[in-house]
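As a plain string of letters, each chain reads:
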Amino acid sequence: SHLAQFGAARERSFYMKNVPFDIDVAYIDPDGVIQEVVRLKANDAKGVPSRSSRIQFVLEAAPDYFTRNGFGPGTLIATDRGDLARTLGPMAQLQ
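Residues numbered from 1 in each chain as written. Predicted model: local features only at pLDDT ≥ 70, side-chain atom pairs only at ≥ 80, totals over all residues. Heavy atoms only, no water.

The biggest cluster of nonpolar side chains holds 11 residues, and these are Ala4, Phe6, Phe14, Met16, Ile23, Val25, Tyr27, Val38, Leu40, Ile55 and Val58. Sequence-distant contacts of Val58, defined by excluding residues within four places in its chain, comprise His2, Leu3, Ala4, Phe6, Arg12, Phe14, Val25, Ala26 and Tyr27. Formed by 10 residues, the second largest nonpolar core is a distinct cluster that contains Ala26, Phe57, Ile77 and Leu88. (Core = buried A, V, L, I, M, F, W, Y, C linked by side-chain atoms within 4.5 Å. Buried < 20%, exposed > 50% of the residue type's maximum accessible area, 1.4 Å probe, protein only. Contact = heavy atoms within 4.5 Å.)

Before going further, it helps to examine the pattern of salt bridges. Tallying each qualifying case throughout the model produces six salt bridges. Across the pair Arg54 and Asp29 runs a salt bridge, and its minimum N-O distance is 3.3 Å. Taken together, the residues span a long stretch of sequence, with Arg54 in the loop between strand E5 (48-49) and strand E6 (55-61) and Asp29 in the loop between strand E3 (23-28) and strand E4 (34-40) at a distance of 25 residues. Among the residues examined, Asp29 registers a relative accessible area of 4% and is labelled buried. One salt bridge connects Arg51 with Glu36, and the closest N-O pair in it is separated by 3.8 Å. Remark: Glu36 occurs in strand E4 and Arg51 occurs in the loop between E5 and E6; sequence separation between them is 15 residues. Assessed through its relative accessible area of 3%, Glu36 is described here as buried. In this structure, a network of salt bridges that share partners links the residues Asp24, Arg39 and Asp64. (Salt bridge = Lys/Arg side-chain N within 4 Å of Asp/Glu carboxyl O. Helix = DSSP H or I, 4+ residues; strand = E, 2+ residues; numbered from the N terminus.)

Inspection of the entire model under this criterion finds four aromatic pairs. Aromatic pair Tyr65 and Phe66: ring centres 5.8 Å apart, planes at 80°, arrangement edge-to-face. Residue Tyr65 is classed as partly exposed on the basis of its relative accessible area, which comes to 32%. Given a relative accessible area of 2%, Phe66 falls into the buried group. (Phe/Tyr/Trp six-rings, centres within 6.5 Å; stacked < 30°, edge-to-face > 60°.)

Structure follows, in structure tokens:
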């Protein structure tokens, strides 16, 4: 799994160019709520854009991980220290 944090919320688009396997990604808003989960296809250079313009985090996982574990749109992603923004705080943010 990989979590990308961005400095500001906006539409995001991810792709899998030169990656030989599929993954699922969750597009997550600033409040830590999953807005949608999409499948990225192996070696596909065409981006899969988020439907929402409020995406600040993108969580990558194995295919069907989110479904198997009951995570989907509306699921709040947080830790025992609070929401994602508070938990990740000073970590480097991508632009």
